[in-house]
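The residues making up each chain are set out below.
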Amino acid sequence: MMMNYSALKDWHNSHKESALFGRYITLNTIQPLLDNLSDLFSVETLGHSVENRPVSKITFGTGPIKVLGWSQMHGNESTTTKALFDLFKWFDTNRGESEVKKFLAEFTFTMVPMLNPDGAQAYTRINANKIDLNRDAQDCSQPESVILKELYTSLKPDYCLNLHGQRTIFGVGDPVKSATVSFLSPSQDELRTVTHSRKKGMAIISDLNQMLQEFIPDCVGRYDDGFNMNCVGDTLQHRNIPTILFEAGHFPGDYDREVTRIFMFLSLIRVFESVLLLKSEKTPSSNPYFSIPENKKCFFDYIIRNIELPEIGVTDMAIQFEETLIGNELNFVPKIAQIAELVDFKGHCEIDFESKKPLIPADFKFEIGNIIEKIQVNGKLPTTFSVKSNNLL
Ligand SMILES: [Zn+2]
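Because the structure is predicted, anything quoted here is derived from the model rather than measured.

Some details on the pattern of salt bridges
Step number 1: Per the stated rule, a full pass over the model turns up 22 salt bridges.
Step number 2: Residue K82 pairs with E258 through a salt bridge whose shortest N-O separation is 2.6 Å. Linking K82 in helix α3 (residues 79-93) with E258 in helix α9 (residues 258-278), this pair joins segments that are 176 residues apart in sequence.
Step number 3: We classify E258 as buried; its relative accessible area is 9%.
Step number 4: Measuring nitrogen to oxygen at the nearest pair gives 3.1 Å for the salt bridge that ties E322 to K335. Taken together, the positions of E322 in strand β13 (residues 313-326) and K335 in strand β14 (residues 329-340) put the pair 13 residues apart, joining distant regions of the chain.
Step number 5: Note on E322: relative accessible area 38%, which makes it partly exposed.
Step number 6: Through salt bridges with shared partners, one network takes in K16, K82, D86, E258 and R261.

Points about the coordination of the zinc ion
Step number 1: Around the zinc ion, the donor atoms from the protein are H74 (ND1), E77 (OE), E77 (OE) and H164 (ND1), and they sit 2.0 to 2.6 Å away.
Step number 2: Given four donor atoms and angles of 54 to 151 degrees at the metal, the environment of the zinc ion is assigned as irregular.

Re the environment of W70
Step number 1: The topology assignment puts W70 in strand β3 (residues 65-71).
Step number 2: As a C-alpha pair, W70 and M114 span 44 residues in sequence and 6.9 Å in three-dimensional space.
Step number 3: The contacts of W70, once residues within four sequence positions are left out, are V112, L115, L148, C160, L161, N162, L163, V232 and L236.
Step number 4: Engagement of the side chain of W70 in a polar contact is seen with the side chain of N162, the distance being 2.9 Å.

Quick look at empty space enclosed by the protein
Step number 1: One pass over the structure, following the stated rule, counts two cavities of 30 Å³ or more.
Step number 2: The computed volume of the largest cavity comes to approximately 50 Å³.
Step number 3: Lining the largest cavity, in full, are M73, L133, D136, A137, C140, S145, L148, K149, Y152 and V232.
Step number 4: The dominant element in the lining of the largest cavity, judged by the number of residues it contributes, is helix α6 (residues 143-155), at four residues.
Step number 5: In terms of residue class, the lining of the largest cavity is built from seven nonpolar, one polar and two charged.
Step number 6: By volume, the second largest cavity amounts to about 40 Å³.
Step number 7: Lining the second largest cavity, in full, are L27, I30, L34, P54, V55, S56, P113 and M114.

Comments concerning the layout of surface pockets
Step number 1: The computed volume of the largest pocket comes to approximately 1,100 Å³.
Step number 2: Lining of the largest pocket is provided by 47 residues; of these, E77, R125, Q166, R167 and F170 occupy positions nearest its centre.
Step number 3: Of all elements in the fold, only β5 (159-165), α8 (232-238), β10 (243-248), β12 (299-309), β13 and β14 reach the threshold of two or more residues within the lining of the largest pocket.
Step number 4: Within the lining of the largest pocket, the residues separate by chemical class into 17 nonpolar, 15 polar and 15 charged.
Step number 5: Shared between two domains, the lining of the largest pocket holds at least three residues of each, these being domain 1 (5-296) and domain 2 (298-384).
Step number 6: What the second largest pocket holds in volume is close to 300 Å³.
Step number 7: Contributing to the lining of the second largest pocket are 14 residues, with N331, F332, S386, V387 and K388 lying nearest its centre.
Step number 8: Counted by class, the lining of the second largest pocket contains seven nonpolar, three polar and four charged residues.
Step number 9: Both domains that meet at the lining of the second largest pocket, namely domain 1 (5-296) and domain 2 (298-384), each give it at least three residues.

Looking at the nonpolar core
Step number 1: One finds W90, F91, F103, L161, F246 and F272 to be the most contacted residues of the largest nonpolar core, which totals 71 residues.
Step number 2: The element contributing the most residues to this core is α9, with 12 residues.
Step number 3: What L161 contacts, discounting residues up to four positions off in sequence, is V67, L68, G69, W70, M111, I244, F246, L268, V271 and F272.
Step number 4: The next biggest cluster of nonpolar side chains, apart from the first, holds 22 residues, and it includes L309, F332, C349 and F353.

Section: the UniProt feature "domain: Peptidase M14" (unreviewed entry) in the protein
Step number 1: Look at the UniProt record and you will see "domain: Peptidase M14" (unreviewed entry) annotated at residues 13-275.
Step number 2: The distance separating the terminal C-alpha atoms of residues 13-275 is 25 Å; by composition the span is 37% helix and 20% strand.

Basis of the calculations
Residues numbered from 1 in each chain as written. Predicted model: local features only at pLDDT ≥ 70, side-chain atom pairs only at ≥ 80, totals over all residues. Heavy atoms only, no water. Salt bridge = Lys/Arg side-chain N within 4 Å of Asp/Glu carboxyl O. Helix = DSSP H or I, 4+ residues; strand = E, 2+ residues; numbered from the N terminus. Buried < 20%, exposed > 50% of the residue type's maximum accessible area, 1.4 Å probe, protein only. Donors = N, O, S within 2.8 Å, 3.2 Å for Na, K, Ca; no water. Tetrahedral: all angles 85-135°; square planar, octahedral: opposite > 155°, others 65-115°. Contact = heavy atoms within 4.5 Å. Polar contact = N/O pair within 3.5 Å; in protein donor to acceptor, adjacent residues only side chain to side chain. 1 Å grid on protein atoms, 1.4 Å probe; cavity = no way out; pocket = protein on both sides within 12 Å on 5 of 7 lines; lining within 4 Å. Points joined across faces, edges and corners; volume = space filled by probe spheres on them. Nonpolar A, V, L, I, M, F, W, Y, C, P; charged D, E, K, R; others polar. Domains from an automatic or database assignment. Core = buried A, V, L, I, M, F, W, Y, C linked by side-chain atoms within 4.5 Å. UniProt positions renumbered as here; feature names shortened; annotations may be inferred.

This is the structure in structure tokens:
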């Protein structure tokens, strides 16, 4: 008997960790939460980042199945960090409930909520030495990589959760929809062999997909499984540890990723349920996994159709937000990303200019990379490019 995910969604709606909101989540944001976790949890510093920020793990549960998860390995991918703290709150407030007691008795959870605190502070994917930690699994050239490696070699987890976020450019299915959530059970060799441990990851992802279809039909994608031993997930899978890559993506209009946060929270709980189910299955099936459509890069934040541009004529123009930290605030800066016929692409927001010429401010050039905040054609109100005006719904 599976849990009631609609009820869990309702719980999340009214009880999620209210101290966390939006995309810019730093160590300063989560430190008070780490300091105030209840006696259900133990917090330990594993080591320090390049800029000497502490990297902590949170442990809870007393069971034999060891689950290791880490978030913000890429500093600007914060949605799963929010979901982890929602999960901690769920465990704590419901610790007297039978399902929660069961999880705590079956599992020992080890979670690293922020592996790359320097990248989180600077709002970058990379760490302070400009290294992508998810390409450093073999070299382990960075202190954060060493921390993670020491943790998984000493802990010997039964399952790993590699928690990430993805850009708004990914779509899935036909007709294409925004890839709100994507998963991968990484390969463990060049041949992409479907080994027993990979199959376990696939079975869990199939289960996650089934649960999510109820809430976000046709918006769940699967990542390309090309093998890369420099990636942490591939390395762990190579050690026969089923590893699941989570990618929190874009839900139309949700640039704060507060909607996707819910689906990450639900998915984390579903993983634990799936693992318990797998205990009784000798040969998990990988078939439903392959029926999940693959992600493709086919979205822009905006597409303006049929705009007449000087020297080019009638064409399409794509605009993409560049997430830019100004002071302590994250800004979504609209920039021209493409000028071409974009028949194979879709905008999260689309506007048809019906072959009209825009009014062009003096000195403005329609070139890729240029900031464009608004645009107007004669006799119409200007169209403003901002996260607030971008919504498919
Ligand atoms: Zn990532």
